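An overview of the molecular structure
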Amino acid sequence: MTDIERQELKQKIQEKITKTTESIKEMEAMTQPITPENSIGRVSRMDAINTKGVNEAVLRKAREKLAKLQMALSKIDAPSFGVCTRCKRNIPPMRLMFMPESSKCVHCADK
């Protein structure tokens, strides 16, 4: 990986961290406890509870992604960055641009 590619990737990771952080804030607001209200029907309340559960799952995934992005950013200058953790081959730069949190090449990730 060239220095220019590394700088572009660093910028991309920082952008993704910002977007993911904003997304987490929005999801946290959507996963607040559902208060019982007289104006909401039983079916509507059950739907709201189900939606809250889905939003909590999305929030959990977003937090995992944020942690991986922060880890990638902290390791980007290490010589082992961009090397597959399984087969030890270089991960293609385009894969890292698309998924900077990737620690495996496409072939190993499919297994």
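The sections below set out a description of the structure shown in this document. Since we're looking at a predicted model, the values are computed, not measured. (Residues numbered from 1 in each chain as written. Predicted model: local features only at pLDDT ≥ 70, side-chain atom pairs only at ≥ 80, totals over all residues. Heavy atoms only, no water.)

Okay, the pattern of salt bridges next. What the rule picks out here adds up to 3 salt bridges. Here Asp 77 ties to Lys 10 by a salt bridge, and the two come within 3.3 Å at their closest N and O atoms. On the criterion of sequence distance, the pair formed by Asp 77 in the loop between α2 (42-75) and α3 (93-98) and Lys 10 in helix α1 (residues 3-30) is long-range, its members being 67 residues apart. The exposed category is assigned to Asp 77, whose relative accessible area is 55%. Given the relative accessible area of 19%, Lys 10 is considered buried. Of the charged contacts in the structure, one is a salt bridge between Arg 63 and Glu 28, with a shortest N-O distance of 2.7 Å. Here Arg 63, found in helix α2, pairs with Glu 28, found in helix α1; they are 35 residues apart in sequence, far enough to count as distant. By relative accessible area, which is 43% here, Arg 63 ends up partly exposed. On the basis of relative accessibility, which here comes to 31%, the residue Glu 28 falls in the partly exposed class. (Salt bridge = Lys/Arg side-chain N within 4 Å of Asp/Glu carboxyl O. Helix = DSSP H or I, 4+ residues; strand = E, 2+ residues; numbered from the N terminus. Buried < 20%, exposed > 50% of the residue type's maximum accessible area, 1.4 Å probe, protein only.)

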